[in-house]
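Observations on chain architecture
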Amino acid sequence: MVLSRFPHGLALAAASMAECATPPRAVRDMSPPAMSDPDPSEDREAVDTDLLQRIAQGDRDAFAQLYDRFSGPLYGTALRIVREPAEAQDVVHDAFITLWEKAATFESTRGSAFSWAITLVRNRAIDRVRMRRRRAELLADSAPDDLGLAAMSGPASGADAAISGDEARAVRAAVATLPAEQQKALELAFFGGLTQEEIARKLSEPLGTVKARIRRGLIKLRDALARSA
Amino acid sequence: MIDERREENTALYAFDLLEGQERTRFEADLDGDPRLRALAANFRNTAAFLAYTAPATPPPAELRARLLASVAPRAQTQTAAPAPAATVIRPDPSVFGRFAPWAVAAGLAVAATWLGQRYLSVQSEARILRDQQAMADVALKGLGQQLEAERIVMRRQLEELGKSSGSASAQLQEAKAAAAALSAQLAERDRLVADARAETGSLRGQLAKRDADLAQLSQRIVALTRDTALATRELNDARDRIARLLADMKSERDLANFKITMLASLVKDSPQANAVAVWDPAKQEGILQVEKLPALAANQDYQLWVVDPQYPIPVDAGVFTVDPASGAARFDFKARQPVAAVAAFAVSLERKGGVPKAEGPMMLLGK
């Protein structure tokens, strides 16, 4: 089962949805094994939280374990945003150092440990992209037409062959169920390092439409992930 | 209640797309609403999964080593730093003489271990410092480039400003000429407006007169309408009266054609029995009013006959019964065959339901 291989599984999303949406009930009803077994995603989330608590006390082994669990998707995200391996490494390095230093401040009610780590990586990567873009704008006296986002066309890209791992496949399958315009909006929101207005300009759509697409896309993705869990 | 707008802001927040006041306001909202906080956490967790859609390039092994080296000092200062203090050997005076050389050797070994650890620690600190210095160099280089770029932009802007000031005075002259032309146009417009005002005044006067005429005409129309209504009512009344008169005249004319016949008793036992028959030849129907006829047995009916010379036998006009007490009846009848002229009416006593040709005793007769 895909779920069991997830370091911070999809069922976590489903379980945390219980207070906000109806699908999780249905999801549990549809998957009897999950009812009899203890929820593995909760275990994984508990493991992540426990590792962070140990890291807060200076436990280097816990830090190494957390790195092994998170570094793949974190590095992939950083690389896709900054598009420079050396810079992506700096970003991930910086984010993990922050995890090490700020582990004590982690609040599980604000989101999972994984989403916190992703936020740290994205913020740093986006800062770098924006700084780079500002520099480019000053030199060229105009904004570049393409920030290299066209190459990130998602599931159709040549990098597909290199993708392994059930988790990536499951998430990609869930993303593929969204309408193309919602996929694009989420992709730009997550990897683009753009503001709302910049996304709207990039897509040549009114701002309101873009906001609605991001909302609907995110909800649809959540439901699709819950179904696949 | 989380409406669509708040849900939208929560989604944008999950992607860190809310900025400035929008973000501040949303976070204040978040603080006061546990349901919204739960939704925000849920959206953040969902958004985080998008990380898996990035190409799965594993980070270089060197990064892991570098990171673990970076975090080592804190872990070691907390766990390993007290070790040297704990392993300091306190000399025992009683065994000092015997074990002194061993103690010295052990002390040296511990000191060597501690120094070794210190060396490793200092080395990794130096590595971190080197990393930090490299990053600082990169940042410095970036800032230098940025400053250079800003200098280029400023210079370009200055050149633009120099060019634009020359053309400004020519533009001023043009603007003055345009302003003069505009004021002339304005004066012309004023004159036109004054003319238009005067014309409007005279038109207004005419309009007022027309309004007054119109009001008078309206009053006359109202009066005429009232008169017309009265006249129509009178006309209708007259028409009704004429219709009634015509109807009266017609009924009088019809009445003249009616055949009215008195029927007298032919029965010795009931000499008072009598009847009146009224016949309308136009409608071929009539009314028979009888009185004091003897009561009927259950199997009997009285039958009326119309005697018309054109037929060999009297024409059947139907059966009737009488009130047993008074022997009276009113009987609306029609003849079974067309009647051209009535010679006489006769009533006979027949069996129940009547007969085609009179069989029973004749009770009444009138010519």
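Numbers given for residues are sequential positions, taken from 1 along each chain in its written order. Key to labels: chains lettered from A, ligands numbered from 1, both in the order written. Thresholds applied to this predicted model are a pLDDT of at least 70 for local features of residues and 80 or more for the giving and counting of side-chain atom pairs; totals over whole chains, interfaces and linings are not thresholded and use all residues. Side-chain metrics in this entry use all non-hydrogen atoms of the structure; hydrogen atoms and water are not considered.

1. Structural notes on unusual backbone geometry
Glycine aside, a negative phi is what most residues show, and trans is what most peptide bonds show. Residues and elements named next belong to chain B. Convention followed: Secondary structure elements follow DSSP: runs of H or I of four or more residues count as helices, runs of E of two or more count as strands, with numbering from the N terminus. Burial classes: relative accessible area under 20% of the type maximum marks a residue as buried, over 50% as exposed, and values in between as partly exposed (1.4 Å probe, protein chains only).
Residue Asp16 is not a glycine yet carries a positive backbone phi of 55 degrees. Inspection of the secondary structure assignment puts Asp16 in the loop between α1 (4–14) and α2 (20–31). With phi around 60 degrees, Lys292 is a residue other than glycine that occupies positive phi space. Among the structural elements, Lys292 can be located in the loop between β3 (285–291) and β4 (300–307). On the basis of relative accessibility, which here comes to 49%, the residue Lys292 falls in the partly exposed class.

2. Overview of the pairing of strand β2 (residues 274–280) of chain B
Note on strand geometry: in a regular strand, side chains alternate between the two faces of the sheet. All names here are of chain B. Operational definition: For two strands to be treated as a pair, DSSP must find at least two bridges joining them.
Relative to β2, strand β1 (residues 259–265) runs antiparallel, the two sharing 6 bridges. Its bridge partner being in β2, Lys259 is matched across the sheet by Trp279. From the end of β2 to the start of β3, which pair antiparallel, there are 4 residues, and Gln284 there has a positive phi angle of about 60 degrees.

3. Some details on the environment of Gln272(B)
Using the following cut-off: Contacts: residue pairs with any heavy atoms within 4.5 Å of one another.
You can see Gln272(B) is positioned in the loop between β1 and β2. The contacts of Gln272(B), once residues within four sequence positions are left out, are Glu291(B) and Lys292(B).

4. Quick look at the interface of chain B and chain A
For clarity, the cut-off: Once two parts are brought into contact, the accessible area they lose, counted with a 1.4 Å probe and summed over both, makes up the buried area. Whenever a carboxyl oxygen of Asp or Glu lies within 4 Å of a side-chain nitrogen of Lys or Arg, that contact is scored as a salt bridge. N or O atoms closer than or at 3.5 Å make up a polar contact, with two conditions inside protein: a donor-capable atom paired with an acceptor-capable one, and, for residues adjacent in sequence, both atoms drawn from side chains. Residue classes follow a fixed rule: Ala, Val, Leu, Ile, Met, Phe, Trp, Tyr, Cys and Pro count as nonpolar, while Asp, Glu, Lys and Arg count as charged, and any other residue, Gly among them, counts as polar.
Of the residues lining the interface, 57 residues belong to chain B; the matching set on chain A comes to 77 residues. Taken together, both faces of the contact between chain B and chain A bury some 6100 Å²; the carbon and sulfur share is 64%. Here chain B is connected to chain A by 7 salt bridges. Residues Glu19(B) and Arg130(A) are paired through a salt bridge, measuring 3.6 Å at the closest nitrogen-oxygen approach. Connecting chain B to chain A are 13 residue pairs in polar contact (both at pLDDT 80 or more). Put simply, the parts of the chain that give the side of chain B that touches chain A at least two residues each are α1, α3 (34–48), α4 (61–79) and α6 (96–257) of chain B. Here the element with the most residues in the side of chain B that touches chain A is α4(B); it accounts for 13 residues. Of the residues belonging to the side of chain B that touches chain A, the class tally is 33 nonpolar, 10 polar and 14 charged.

5. What to know about the nonpolar core
To be explicit about the condition: Residues grouped as a nonpolar core are buried Ala, Val, Leu, Ile, Met, Phe, Trp, Tyr and Cys residues, joined through side-chain atoms within 4.5 Å.
In this structure, Leu52(A), Phe96(A), Ile214(A) and Phe15(B) are the most contacted members of the largest nonpolar core, which totals 81 residues. Tallying contributions element by element places helix α6 (residues 60–82) of chain A first for this core, with 12 residues. Among all residues touching Leu52(A), those that are not within four sequence positions of it are Leu66(A), Leu99(A), Ala103(A), Phe106(A), Ala113(A) and Trp116(A). One finds Ala273(B), Phe320(B), Phe331(B) and Leu349(B) within the second-largest nonpolar core, a separate group that totals 27 residues.

6. A few points about the packing of aromatic side chains
For the record, the criterion: Between rings of Phe, Tyr and Trp, where Trp is taken as its six-membered ring, a pair exists when centres lie within 6.5 Å; planes separated by under 30 degrees are stacked, by over 60 edge-to-face, and by other angles tilted.
This structure, assessed with the given rule, holds 15 aromatic pairs over all chains. Seen from their ring centres, Tyr67(A) and Phe96(A) are 5.0 Å apart, and the 50 degrees between their planes marks the pair as tilted. Taken together, the positions of Tyr67(A) in helix α6 and Phe96(A) in helix α7 (residues 85–102) put the pair 29 residues apart, joining distant regions of the chain. On the basis of relative accessibility, which here comes to 4%, the residue Tyr67(A) falls in the buried class. For the ring pair Trp279(B) and Phe333(B), a centre distance of 5.9 Å and an interplane angle of 10 degrees mean the geometry is stacked. Linking Trp279(B) in strand β2 with Phe333(B) in strand β6 (residues 329–334), this pair joins segments that are 54 residues apart in sequence.

7. Looking at a nonpolar patch on the surface
Stated precisely, the cut-off is as follows: For patch building, the residue pool is restricted to those with more than 30% relative accessible area and no salt bridge; the joining distance is 9 Å between like charges and 5 Å between nonpolar side chains (Val, Leu, Ile, Met, Phe, Trp, Tyr). Accessible surface is estimated by sampling points in the Shrake-Rupley manner with a 1.4 Å probe; for residues, cover comes only from the protein chains shown.
On the surface, Leu214(B), Leu217(B) and Ile221(B) cluster together into a nonpolar patch covering about 290 Å² of accessible area. A relative accessible area of 44% places Leu217(B) in the partly exposed class.

8. Quick notes on the pairing of β3(B)
All names here are of chain B. Only one face of β3 is buried, namely the one carrying Gly286, Leu288 and Val290, since none of Glu285, Ile287, Gln289 and Glu291 on the opposite face is buried. Pairing analysis gives 6 bridges linking β3 to β6, with the strands arranged antiparallel. Bridge pairing in β6 places Ile287 opposite Asp332.

9. A look at the confidence of the model for chain B
Residues and elements named next belong to chain B. The cut-off we apply is this: pLDDT expresses, on a scale from 0 to 100, how confident the predictor is about each individual residue.
Predicted confidence across chain B gives a mean pLDDT of 83, with 90% of residues reaching 70 or more. Below a pLDDT of 50 lies the segment residues 75–93, which in the model reaches 13 contacts outside its immediate sequence neighbourhood of four places, other chains included. Two numbers describe this predicted complex: its pTM, 0.45, and its ipTM, 0.75.

10. A short note on the side chain of Asp33(B)
Residues and elements named next belong to chain B. Checked against the element boundaries, Asp33 lands in the loop between α2 and α3. For Asp33, a relative accessible area of 13% gives the class buried. Within the structure, the side chain of Asp33 is placed 3.0 Å from the backbone nitrogen of Arg35, a separation counted as a polar contact.

11. A closer look at the sheet that holds strand β8 (residues 362–366) of chain B
Residues and elements named next belong to chain B. Applicable threshold: A fitted line through C-alpha atoms serves as each axis, taken over the contacting stretch for helices, and the angle formed by two N-to-C directions is quoted from 0 to 180°.
Strand order in the open sheet formed by 8 strands is β5-β4-β7-β8-β1-β2-β3-β6, and the pairing between neighbours is antiparallel. Each of the sheet's edge strands pairs with one partner strand only, and the pair in question is β5 (315–320) and β6. Taking the axes of each pair of neighbouring strands and ignoring which way they run, one obtains an average angle of 20 degrees across the sheet. Relative to strand β7 (residues 344–351), β4 runs antiparallel, the two being bridged by 8 bridges. Within the sheet, the bridge partner assigned to Trp305 lies in β7 and is Ala346.

12. Overview of the pattern of salt bridges
Residue and element names in this part refer to chain A. Applying the stated criterion across every chain, the model contains 34 salt bridges over all chains. Linking Arg69 and Asp48 is a salt bridge whose minimum nitrogen-to-oxygen distance equals 2.7 Å. With Arg69 in helix α6 and Asp48 in helix α5 (residues 40–56), the pair connects residues that are 21 residues apart, well separated along the chain. Given the relative accessible area of 23%, Arg69 is considered partly exposed. The exposure class assigned to Asp48 is buried, which follows from its relative accessible area of 0%.

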